[in-house]
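Structural description and commentary
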Amino acid sequence: TEREYESLKYLYELEVEKKKKLTLSDQLYLTWIESIILFHCDDKKEEAIKKLEASVIKMTKKDRDYFKYFNSLMNFYSLTKNKESSEEMYLTVITQLSDSKITYIEDLELLIKVRYNYCRYLWMENKIDNAISEILETIDICKKYNHNYLLPDLYCLLGNISEGFSEKSEIKKFFFFFFFLYTLAGN
């Protein structure tokens with residue numbers, strides 16, 4: 001969450017020695033962490049993608065962490081300009097998550113996170129209308145479930161995307177919401 005990849009790398013190195021003694025799900029978890037470290041700390045993006053692809057293949061959609069790992073893989077694809085794969089995958093995962101029953105807070109937060117990442121992807125690809133529509137839908141999900149996870153970030157993204165063609169007062173409103181929500185959370 002805090003993107004402290006160096007700290008994550010340190011903790012990973014402490015745990016990796018135990019890897020052979022772990023269950024398959026715990027081994028997959030460590031491989032996921034390793035792929036994040038390879039991608040963000042060691043600048044070994046291709047190796048990170050291959051490791052994560054190999055882990056995801058060993059899982060099914062019923063596995064608790066499947067979509068979390070898949071979300072990381074989609075982020076890797078979008079950050080390495082693998083546009084064809086990432087957009088199609090985002091839409092598939094969003095549909096599957098939206099159609100599934102939200103039982104746990106983690107399920108809701110994963111849905112919001114995947115949608116937020118997709119919004120950022122659309123913005124980076126200059127698909128502004130789609131990005132705004134997706135952001136507004138995701139904000140509605142947050143409101144529906146009375147949950148603030150990534151809500152400030154969504155308003156900030158909406159403000160950034162809207163700059164240049166929306167009224168200044170509308171953009172200021174988005175940034176005010178962003179600032180207020182972060183202040184409320186003590187961030």
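Described in the following lines is the structure provided in the data block. (Residues numbered from 1 in each chain as written. Predicted model: local features only at pLDDT ≥ 70, side-chain atom pairs only at ≥ 80, totals over all residues. Heavy atoms only, no water.)

Let us now look at unusual backbone geometry. Despite not being glycine, Asp43 has its phi angle at roughly 55°, a positive value. One can find Asp43 in the loop between helix H2 (24-40) and helix H3 (45-57). Note on Asp43: relative accessible area 57%, which makes it exposed. For Asn146, which is not glycine, the phi dihedral falls at a positive 50°. With respect to the helices, strands and loops of the structure, Asn146 is situated in the loop between helix H7 (128-144) and helix H8 (151-162). (Helix = DSSP H or I, 4+ residues; strand = E, 2+ residues; numbered from the N terminus. Buried < 20%, exposed > 50% of the residue type's maximum accessible area, 1.4 Å probe, protein only.)

Relative to the 24 Å expected for 17 residues at 1.5 Å per residue, helix H5 (residues 83-99) spans 24 Å between its end C-alpha atoms, a close match to the ideal helical length. Listed in full, the buried residues belonging to H5 are Ser86, Glu87, Met89, Tyr90, Val93, Ile94 and Leu97. Along the axis of H5, the buried positions cluster into a sector of 165°, meaning they face one direction only. Among the exposed residues of H5, those oriented more than 90 degrees off its buried face are Glu84, Glu88 and Asp99. Along its buried surface, H5 packs onto helix H4 (66-79), helix H6 (105-124) and H7. (Expected span 1.5 Å × (residues − 1). Arc of directions from axis to C-beta. Contact = heavy atoms within 4.5 Å.)

In this section: the nonpolar core. In this structure, Val114 and Ile135 are the most contacted members of the largest nonpolar core, which totals 53 residues. Within the residue set of this core, elements represented by two or more residues are H2, H3, H4, H5, H6, H7, H8 and helix H9 (168-184). The greatest single-element share of this core, amounting to ten residues, is contributed by H6. Ignoring any residue separated from it by four or fewer positions in sequence, one finds Val114 in contact with Asn71, Met74, Tyr90, Val93, Ile94 and Leu97. (Core = buried A, V, L, I, M, F, W, Y, C linked by side-chain atoms within 4.5 Å.)

Before going further, it helps to examine a nonpolar patch on the surface. On the surface, a nonpolar cluster with roughly 330 Å² of combined accessible area is contributed by Tyr10, Leu11 and Leu14. Position of Tyr10 relative to the elements: it lies in helix H1 (residues 5-16). (Patch = residues over 30% accessible without salt bridge, like charges linked within 9 Å, V, L, I, M, F, W, Y side chains within 5 Å. Areas by Shrake-Rupley, 256 points an atom, 1.4 Å probe, with all protein chains shown as cover. Salt bridge = Lys/Arg side-chain N within 4 Å of Asp/Glu carboxyl O.)

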